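Single-letter residue listing:
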Amino acid sequence: MATQHSRSAARVMMAPAVFLLLVWMLVPLILTLWFSTLDYRPMRGTFDCCEGLGNYTRFVTSSAFLSSVVTTLQLVGGVLLITVIGGILLANLLDQPIWGQGVVRILVIAPFFVMPTVSALVWKNMFMNPVNGLFAHLFKALGLQPIDWLSQAPLFSIILIVSWQWLPFATLILLTAIQSLDSEQMEAAEMDGAGPISRFYHMTLPHLARSITVVVLIQTIFLLSIFAEIYVTTGGAFGTRTLTYLVYQRVIESQNVGLGSAGGIIAVILANIVALVLMRVVGKNLDA
Amino acid sequence: MGRITLDKVRKAFGDVEVIPPLDLRIEDGEFVVFVGPSGCGKSTLLRLIAGLEDVTDGEIRIDGTDATRLSPSKRGLAMVFQSYALYPHMSVRKNIAFPLKMAGLSQDQIDAKVDGAAKVLNLDSYLDRRPGQLSGGQRQRVAIGRAIVREPSAFLFDEPLSNLDAALRVGMRLEISELHKRLATTMIYVTHDQVEAMTMADKIVVLNAGRIEQVGSPLDLYRAPRNVFVAGFIGSPKMNLITGPEAAKHNAQTIGIRPEHLAVTDGSGTWTGKVGVSEHLGSDTFFHVTVEGFETPLTVRAGGEVSLHYGDTIHLTPDPAQLHRFDAQGLRIA
Ligand SMILES: Nc1ncnc2c1ncn2[C@@H]1O[C@H](COP(=O)(O)OP(=O)(O)OP(=O)(O)O)[C@@H](O)[C@H]1O
Ligand SMILES: [Mg+2]
């Protein structure tokens, strides 16, 4: 893209794609914005204009709102914690020369290819079922009382399911980062008297900082909109109602499109705030 | 103290024997240079001594105690890597302080030692920079600084100057030599540059395919190379090696004569040839001379002002006292 000519040619050629993307993004956004100012309840046949900010205040002041924000943050935070820590450990293990390395690596990545709905169903019925689940059998074998995961520790169960799905992603990114660590640096640290733990703390972790940032940022974006796993397992009950799920309930279950749209806009704003905060906190790792 | 003894040390990667059993004694305070062509096992040997590579057979003793199975950090050696291997996320100060921190020294002691090393190596003004913000020569100094603060019993250098430009290399060469004089610590230095080997070493170890071809002082190796390989490797430009009937005249398979021991004689000489390419260095001129019946052209050193041109006829006379003779096995005939 060096010359004036090639730059303007590039602009012309990119225009259709940019236009398509803009339409793709702007039309739903504008529609949502418009709906959020209406009293729009299709089942009752109301489609009245000029609610103003009524929908917004109603959404925010409802008792479900605050708890859903907290649940969302807990879900995202919990999954991030598990996937980042687990990812670092797994990546370190996979970096060791082991027999059948290639196969093991593919197996580790496999959960990422399973659809969220499917994996949630598998977890719900095969693992967490209090009567027939594998966990129940395990607990019984150990002489313990099986627990009904999805009603006794519902949020934790969902965090577990989602973490299982996202662990491969974190592992993969962190593994490539670990593999790019200069081996002479590690040897130098070894000669400098750093044991395995010091080397991990002083060499590997700082080297991984950038990739951890990437993992956290990308995962946050996707985790804020987790839906299928909640829908399939608890249906939003037992304190697992996230903001996304609340919006869904307002639109589909209460048939209040106006209120739901206002919630959607609020969710977008909150997601941007989270992203901004994250960029501030961890984003500085990306420069340098 | 830094006396290192290798006893029948052998190294194989799988089935490939990189270093056949090898004995070597390095005395305390010596500057030893490992030199040899690429891939001959210099780095591997150094890494065996450092403990970064496991010895397949044999024993390594440091100051008389068996260190064969000791971990690298327990051997009391410091290494400077070719890539410098600085820690990119730490400032220069933290880089140099790292081994001290790992050794559990107090912050005061660390500061004192880092400042001392920085002064010796002229790094004072860079202490708060990251390695990425330094030039190659400065990085090299930081790597050396990180090595000297540990006060090791021996320093190991793996081609430390090969990433520097020619002028800087000469400067750093002097600095390292000076450092050795001042610290009087054993240094083992790997290079494939025989000028570095000649100028810095107390003792040169010439390696070829993992075998030691000769061990000796630079001048020993220059004056009396033990075999054809060492003869061709030590000295710059290379020694002229002549085979065939000319060598047979001296009862040898191969004879060798260095470019500086060939005199350009007027009118007549032992050999007569045609001047090919000439390299004028100012102080010296090197002529490449094709002599009838010789397989390879001879290199001749003449004074800087000799004016001979391409295609001129030249008469050469070797200094008989400086003629090296080698037998069919390539070994020196005394
Ligand atoms: N980890 C390894 N596995 C197998 N073979 C190796 C390994 N490391 C080195 N070798 C082989 O050992 C031989 C010696 O390698 P080494 O790195 O010691 O050479 P060197 O003398 O340092 O060469 P250079 O001057 O190019 O650095 C080479 O033939 C190399 O291919
Ligand atoms: Mg090497």
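Residues numbered from 1 in each chain as written. Chains lettered and ligands numbered in written order. Predicted model: local features only at pLDDT ≥ 70, side-chain atom pairs only at ≥ 80, totals over all residues. Heavy atoms only, no water.

Visitor: I would appreciate a short explanation of the overall build of chain A in the present structure.
Guide: Across its full length, chain A holds 13 helices and 2 strands. Since a compact globule built from 288 residues should have a radius of gyration of about 19 Å, the 24 Å found for chain A marks it as more spread out than a globular shape. In terms of principal-axis extent, the alpha carbons of chain A reach across some 75 × 75 × 30 Å. The buried share among the 288 residues of chain A stands at 40%. Of the contacts formed within chain A by residues at least 6 apart in sequence, a portion of 68% connects residues at least 24 apart. Here chain A displays about 16100 Å² of accessible surface, and carbon together with sulfur accounts for 72% of that area. Each charge sign in chain A was given a centre, from 14 positive and 13 negative side chains, and these centres are 10 Å apart. (Helix = DSSP H or I, 4+ residues; strand = E, 2+ residues; numbered from the N terminus. Rg over C-alpha atoms; globule rule 2.2 N^0.38 Å. Buried < 20%, exposed > 50% of the residue type's maximum accessible area, 1.4 Å probe, protein only. Contact = heavy atoms within 4.5 Å. Areas by Shrake-Rupley, 256 points an atom, 1.4 Å probe, with all protein chains shown as cover. Lys, Arg positive; Asp, Glu negative; His and termini not counted. Charge placed at Lys NZ, Arg CZ, Asp CG, Glu CD.)

Visitor: Looking at this structure, how should I read the pattern of salt bridges?
Guide: Opposite charge on two side chains permits pairing when their charged atoms draw close. All names here are of chain B. For the coordinates displayed, the defined rule picks out 15 salt bridges over all chains. In this structure, glutamate 27 and arginine 25 form a salt bridge, with 3.1 Å as the shortest nitrogen-oxygen distance. Between aspartate 115 and arginine 93 there is a salt bridge; the shortest N-O distance is 3.6 Å. With aspartate 115 in helix H3 (residues 107-120) and arginine 93 in helix H2 (residues 92-102), the pair connects residues that are 22 residues apart, well separated along the chain. According to the relative accessible area criterion, arginine 93 is partly exposed, its value standing at 28%. (Salt bridge = Lys/Arg side-chain N within 4 Å of Asp/Glu carboxyl O.)

Visitor: What's the story with the interface of chain A and chain B in this structure? I'm lost.
Guide: Quite often, the size of an interface is put as the accessible area lost when its parts meet. Taken together, the contacts link 15 residues of chain A with 22 residues of chain B. Both sides together, the interface formed by chain A and chain B hides about 1600 Å², and carbon and sulfur atoms give 62% of it. Here chain A and chain B share 3 salt bridges between them. In this structure, the connection of chain A to chain B is made through 7 residue pairs in polar contact (both at pLDDT 80 or more). If you list the elements that add at least two residues to the side of chain A that touches chain B, you get helix H9 (183-191) and helix H10 (196-223) of chain A. With 7 residues, H9(A) is the largest single contributor of residues to the side of chain A that touches chain B. Per-class residue counts for the side of chain A that touches chain B are 6 nonpolar, 4 polar and 5 charged. (Buried area = accessible area lost by both parts, 1.4 Å probe. Polar contact = N/O pair within 3.5 Å; in protein donor to acceptor, adjacent residues only side chain to side chain. Nonpolar A, V, L, I, M, F, W, Y, C, P; charged D, E, K, R; others polar.)

Visitor: Looking at this structure, how should I read the site of ligand 1?
Guide: Residues and elements named next belong to chain B. The environment of ligand 1 is made up of Phe13, Val18, Ser38, Gly39, Cys40, Gly41, Lys42, Ser43, Thr44, Glu159 and His192. In the environment of ligand 1, an oxygen atom lies 3.0 Å from a nitrogen or oxygen atom belonging to the backbone of glycine 41. Between ligand 1 and serine 43 there is a distance of 2.5 Å, counted from an oxygen atom to a side-chain nitrogen or oxygen. Bound to the protein, ligand 1 loses 56% of the 640 Å² it would expose on its own. With 3 residues, helix H1 (residues 42-50) is the largest single contributor of residues to the shell around ligand 1. Its residues assigned to classes, the shell around ligand 1 shows 3 nonpolar, 6 polar and 2 charged. (Near = heavy atom within 4 Å.)

Visitor: Before we go on, may I ask you to explain the nonpolar core in this structure?
Guide: Here is a general trend for soluble globular proteins: nonpolar side chains tend to be buried in one another's company. The biggest cluster of nonpolar side chains holds 44 residues, and the ones touching the most others in it are Val35(B), Ile144(B), Phe157(B), Ile176(B) and Tyr189(B). In contact with Phe157(B), not counting residues within four places along its chain, are Leu46(B), Val80(B), Ile144(B), Ile176(B), Met187(B), Ile188(B), Tyr189(B) and Val190(B). With 39 residues, the next largest nonpolar core counts Ala194(A), Leu48(B), Phe98(B) and Ile188(B) among its residues. (Core = buried A, V, L, I, M, F, W, Y, C linked by side-chain atoms within 4.5 Å.)

Visitor: Can you help me understand the environment of Pro297(B) in this one?
Guide: All names here are of chain B. Turning to its location among the elements, proline 297 is positioned in the loop between strand E15 (284-291) and strand E16 (298-303). Residue proline 297 is classed as partly exposed on the basis of its relative accessible area of 44%. Distance from proline 297 to isoleucine 242, taken between C-alpha atoms, is 9.5 Å for residues 55 residues apart in sequence. Setting aside residues no more than four positions away along its own chain, proline 297 makes contact with Asn240, Val289 and Thr290.

Visitor: Would you take a moment to explain a nonpolar patch on the surface for this structure?
Guide: A contiguous nonpolar surface patch, about 700 Å² in accessible area, is contributed by Met14(A), Val18(A), Leu22(A), Met25(A), Leu26(A), Leu29(A), Ile30(A) and Leu33(A). Within the secondary structure, Leu26(A) sits in helix H1 (residues 4-35). (Patch = residues over 30% accessible without salt bridge, like charges linked within 9 Å, V, L, I, M, F, W, Y side chains within 5 Å.)

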